[in-house]
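Residue-level listing of the chains:
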Amino acid sequence: VLTTGTGSGKSLAYFIPIVDAILREKLADPAPRTRAIVIYPMNALANSQLEELGKFLGDYGDHPPITYGRYTGQESEDERQYMAANPPDILLTNFMMLELLMTRQDDKDKAIVRNAHGLRFLVLDELHTYRGRQGADVALLVRRVREALSEDLQCIGTSATMATAGSEKEKNQKVAEVASRLFGTRITAANVITETL
């Protein structure tokens with residue numbers, strides 16, 4: 001879990017190691033499949049990150065070393081069909097669309113889920129937004145993803161604001177508790193990265 005201020009580079013902090021890991025994995029197993037899913041609470045954030053990825057990964061022509069795509073419900077039928085047939089290495093989505101992908105019986109959706117078997121990374125951006133009933137829904141979704149797609153799943157969470165009261169140690173412990181509930185796995189305070197000036 002990474003908790004730092006807005007505009008501090010949280011997205012790069014997870015995209016760089018994910019891209020590195022995907023490049024290494026593709027050397028050993030170049031079979032096309034989705035290796036990372038990044039969940040955003042709002043489509044506007046997914047759209048913004050799609051643009052950012054385009055700046056870093058979009059200048060490789062027809063044979064990019066890393067592929068990425070957005071599947072949030074804004075895509076045309078042709079775009080969805082293309083993504084089902086050509087799985088992106090990194091899939092940007094929102095929790096509602098991922099929930100639909102995991103439960104619908106449409107062939108396209110089934111293909112997108114099949115393409116993510118062996119998933120390595122699941123990122124929840126803006127972790128602090130998942131509270132109350134929505135937090136419970138997302139926690140259950142993470143467990144379904146883990147059960148259906150990967151036992152060896154690296155979960156990553158980012159947030160500008162998670163805990164504001166108490167000492168640094170107490171705040172990190174609280175963040176770790178929340179992340180453990182959301183991700184369905186034990187996360188210690190040592191796995192919480194905070195910002196220092």
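Look up a bit, the structure's there.
Because the structure is a prediction, the values reported are computed rather than measured.

Right, let's get into empty space enclosed by the protein. On inspection of all chains with the given rule, the structure shows one cavity of 30 Å³ or more. Considered as a void within the structure, the largest cavity measures approximately 30 Å³ in volume. Lining the largest cavity we find Ile37, Leu91, Leu98, Leu101, Met102, Ile112, Val113, Ala116 and Leu149. Counting residues per element, the ones that place at least two in the lining of the largest cavity are helix 4 (95–103) and helix 5 (107–114). In terms of residues, the lining of the largest cavity owes the most to one element, helix 4, which gives three residues. Its residues assigned to classes, the lining of the largest cavity shows nine nonpolar, no polar and no charged.

Attention shifts here to the sheet that holds strand 3 (residues 68–70). Taken in spatial order, the seven strands of this open sheet run 3-4-2-5-6-1-7, and their pairing is parallel. Only two strands of the sheet have a single neighbouring strand rather than two, namely strand 3 and strand 7 (193–194). Here two bridges tie strand 1 (residues 2–3) to strand 6 (residues 154–159), and the two strands are oriented parallel to one another. In the strand pairing of strand 6, leucine 2 is matched with threonine 158.

A separate point is the pairing of strand 2 (residues 36–40). Each regular strand displays side chains that alternate between the two surfaces of the sheet. Summarising burial for strand 2: five of the five residues are buried, a large majority. Of the two faces of strand 2, the one holding Ala36, Val38 and Tyr40 and the one holding Ile37 and Ile39 are both buried throughout. Pairing of strand 2 with strand 4 (residues 90–94), which is carried by five bridges, proceeds in the parallel orientation. Residue pairing in the sheet places alanine 36 in a bridge with isoleucine 90 of strand 4. Bridge analysis of strand 2 against strand 5 (residues 121–124) gives four bridges, and the strand direction is parallel. Residue alanine 36 lies in a different strand from strand 5, and its bridge partner there is phenylalanine 121.

Along its 15 residues, helix 2 (residues 43–57) runs 20 Å from first to last C-alpha, staying within 8% of the 21 Å computed at 1.5 Å per residue. All of the buried residues in helix 2 are Ala46, Gln49, Leu53 and Leu57. Buried residues along helix 2 cover an arc of 65 degrees about the axis, so they all sit on one side. Projecting away from the buried face of helix 2 at angles above 90 degrees are the exposed residues Ala44, Glu51 and Lys55. Considering only its buried residues, helix 2 is in contact with helix 1 (10–28), strand 2, strand 3 and strand 4.

Cut-off values and rules
- Residues numbered from 1 in each chain as written.
- Predicted model: local features only at pLDDT ≥ 70, side-chain atom pairs only at ≥ 80, totals over all residues.
- Heavy atoms only, no water.
- 1 Å grid on protein atoms, 1.4 Å probe; cavity = no way out; pocket = protein on both sides within 12 Å on 5 of 7 lines; lining within 4 Å.
- Points joined across faces, edges and corners; volume = space filled by probe spheres on them.
- Helix = DSSP H or I, 4+ residues; strand = E, 2+ residues; numbered from the N terminus.
- Nonpolar A, V, L, I, M, F, W, Y, C, P; charged D, E, K, R; others polar.
- Pairing = 2+ DSSP bridges.
- Buried < 20%, exposed > 50% of the residue type's maximum accessible area, 1.4 Å probe, protein only.
- Expected span 1.5 Å × (residues − 1).
- Arc of directions from axis to C-beta.
- Contact = heavy atoms within 4.5 Å.

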